[in-house]
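A look at the structure
The primary structure of each chain is shown beneath.
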Amino acid sequence: VDGILDINPSSYKMMKSLYDPTDTPNLRDDILQILHGDGPTSKNSRFVAIELKCNSVDAQLQIREIIEDTPSMTAFSTEKSALYKDGLIFCVYIKGELTPEIASRASLII
């Protein structure tokens, strides 16, 4: 099991947009590099735990798509570059009130 720790969605992109430079750091690409071994931090791992720290409602809204169980696609991604969520666990720290958007996507709330 590999881990990506201490991600703050308010300051780190969840995925790059069509207009971002190709080398824009983002969580989606970080996960793909670990899972598929296609980058400088590649490990070809089967399981990845991701720690997200949401200190605001805005931060919770930014992680909606990345934590849901459907494949993560971008406007310019192909089937090969889709992020399938098998082997991923998202551990989300919430400061304040839990939003319905996160509650509806959570498997376990402690």
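Presented here is a report on the structure given in the accompanying data block.

What counts and what doesn't
Residues numbered from 1 in each chain as written. Predicted model: local features only at pLDDT ≥ 70, side-chain atom pairs only at ≥ 80, totals over all residues. Heavy atoms only, no water. Buried < 20%, exposed > 50% of the residue type's maximum accessible area, 1.4 Å probe, protein only. Helix = DSSP H or I, 4+ residues; strand = E, 2+ residues; numbered from the N terminus. Contact = heavy atoms within 4.5 Å. Polar contact = N/O pair within 3.5 Å; in protein donor to acceptor, adjacent residues only side chain to side chain. Core = buried A, V, L, I, M, F, W, Y, C linked by side-chain atoms within 4.5 Å. Pairing = 2+ DSSP bridges. Axes fitted to C-alpha atoms, helices over the stretch in contact; angles between N-to-C directions.

So, helix α1 (residues 27-36)
- Counted residue by residue, α1 has eight buried out of 10 residues, so it is predominantly covered.
- For α1, every residue scored as buried is listed here: Leu-27, Arg-28, Asp-30, Ile-31, Leu-32, Gln-33, Ile-34 and Leu-35.
- Looking at the buried positions of α1, the neighbouring elements they touch are β1 (2-7), β2 (48-54), α3 (64-67) and β3 (88-94).
- Capping the start of α1, Asn-26 holds a side-chain oxygen 3.4 Å from the backbone nitrogen of Arg-28, two or three residues further along.
- Just downstream of α1 lies Gly-37, where phi reads positive at about 70°.

Brief notes about the nonpolar core
- In terms of nonpolar packing, the biggest core is built from 20 residues, with Leu-27, Ile-31, Ile-50 and Leu-52 touching the most fellow members.
- Looking at this core, the elements with two or more residues in it are β1, α1, β2, α3 and β3.
- Aside from chain neighbours lying at most four places away, what touches Leu-52 is Ile-7, Met-14, Leu-27, Ile-63, Ile-67, Phe-90, Cys-91, Val-92 and Tyr-93.

Concerning unusual backbone geometry
- Positive phi, close to 60°, is recorded for Asp-6, a residue that is not glycine.
- With respect to the secondary-structure elements, Asp-6 resides in strand β1.

Digging into the sheet that holds β1
- The sheet built from three strands is open, its strands ordered β1-β2-β3 with parallel pairing. The strands lining the two open edges of the sheet, one partner per strand, are β1 and β3. If you compare each strand with its neighbour and ignore which way they point, the axes differ by 15° on average.
- The pairing of β2 with β3 spans seven bridges and is parallel. Within β3, the position partnered with Cys-54 by the bridge is Ile-94.
- Across the face of the sheet, α1 comes into contact with β1, β2 and β3 while running at roughly 165° to β1.

Digging into the side chain of Thr-24
- Mapping Thr-24 onto the fold places it in the loop between β1 and α1.
- In this structure the side chain of Thr-24 is engaged in a polar contact, spanning 2.8 Å, whose partner is the backbone oxygen of Pro-21.
- Those residues in contact with Thr-24, other than ones at most four positions away along the chain, are Lys-13 and Lys-16.

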